[in-house]
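Letter by letter, the chains look like this.
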Amino acid sequence: IMKEINPTGKLHISFVQEGMTDEKTIAPSIQLAVFRIIQEQLTNIIKHSGATQAALKLIQDNKTLQLEIRDNGSGFDIHNTPKGLGLHNIFTRAELCSGKAMLETKPGKGCLLKIILPVEVE
C-alpha cells in the first residue's frame, strides 16, 4: 500500500504493530476499513500537510484494533478548517464499523489520527 500511495518516496513511512498478529481474528470488513482509512489518511498527508514523515501504529488485543497515524506536517486549526471529504470518509468508515475516530492537530504541530475498532470474527 505504501508504495502505491507514496510513489515519489518523499514521505518516509514507518510501521509498528503491537499485540496479537493473527489476521484471522479480524473480520474482513474491519480489515478493509483499516486499509481504506490508512490509504485515505496517507493521501491526505501527501496532498495537504507537507510532511516528510508519517508513523503508523497498529495495536490489537482480543477486543479492539487501534490504529494511529501521526505525521510531522503543517497541521491545521481543527475548529476553523472544514472537514474535507477525505476526513469525512475516515470518520464515516470508523462509525460504520461501530468504532470511533479522533483527530488531534494544531497549526505547526502535525496531525495524529486515532481509530478504535471492535475486533469481530466473521
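Residues numbered from 1 in each chain as written. Predicted model: local features only at pLDDT ≥ 70, side-chain atom pairs only at ≥ 80, totals over all residues. Heavy atoms only, no water.

Visitor: I'd like to hear about the packing of helix H2 (residues 28-49) against helix H3 (residues 85-96), residue by residue, with values.
Guide: It is the contact of H2 with H3, at a shortest axis distance of 9 Å, that shows an interaxial angle of 160°. Considered as vectors, H2 and H3 are oriented roughly antiparallel to each other. For the pair H2 and H3, the crossing hand works out as left-handed. Contact residues: Ala-33, Arg-36, Ile-37, Glu-40, Gln-41 and Asn-44 in H2; Gly-86, Leu-87, Asn-89, Ile-90, Arg-93 and Ala-94 in H3. Its residues assigned to classes, the contact of H2 with H3 comprises five nonpolar, four polar and three charged. (Axes fitted to C-alpha atoms, helices over the stretch in contact; angles between N-to-C directions. Helix = DSSP H or I, 4+ residues; strand = E, 2+ residues; numbered from the N terminus. Parallel < 35°, antiparallel > 145°, perpendicular 65-115°, else oblique. Left-handed = near helix turned anticlockwise from the far one by under 90°. Contact = heavy atoms within 4.5 Å. Nonpolar A, V, L, I, M, F, W, Y, C, P; charged D, E, K, R; others polar.)

Visitor: I'd like to hear about the nonpolar core, residue by residue, with values.
Guide: Among the nonpolar cores identified, the biggest contains 30 residues, and Ile-30, Val-34, Leu-67 and Ile-115 are the most heavily contacted of them. Contributing elements (two or more residues each) for this core: H2, strand S2 (53-60), strand S3 (64-71), H3, strand S4 (100-105) and strand S5 (111-118). Looking at this core, the element that brings in the most residues is H2, giving seven residues. (Core = buried A, V, L, I, M, F, W, Y, C linked by side-chain atoms within 4.5 Å. Buried < 20%, exposed > 50% of the residue type's maximum accessible area, 1.4 Å probe, protein only.)

Visitor: Let's hear about H2: which residues, and what values?
Guide: The α-helix advances 3.6 residues per turn, and as a result positions three or four apart in sequence lie on the same side. For H2, spanning 22 residues, the distance from its first C-alpha to its last is 31 Å, which sits close to the expected 32 Å at 1.5 Å a residue. Within the span of H2, buried status applies to Ile-30, Ala-33, Val-34, Ile-37, Ile-38, Gln-41, Leu-42, Asn-44, Ile-45 and Ser-49. Mapping the buried residues of H2 onto a view down its axis gives an arc of 155°, with all of them on the same face. Immediately downstream of H2, the backbone of Gly-50 shows phi near 70°, a positive value. (Expected span 1.5 Å × (residues − 1). Arc of directions from axis to C-beta.)

Visitor: Can you lay out the pattern of salt bridges for me, pointing to particular residues and giving the numbers?
Guide: With the rule as written, the count across this model stands at two salt bridges. The partner of Lys-114 in a salt bridge is Glu-104, with the nearest N and O atoms 3.7 Å apart. Of this pair, Lys-114 sits in strand S5 while Glu-104 is found in strand S4, placing the two residues ten residues apart along the sequence. Given a relative accessible area of 27%, Lys-114 falls into the partly exposed group. (Salt bridge = Lys/Arg side-chain N within 4 Å of Asp/Glu carboxyl O.)

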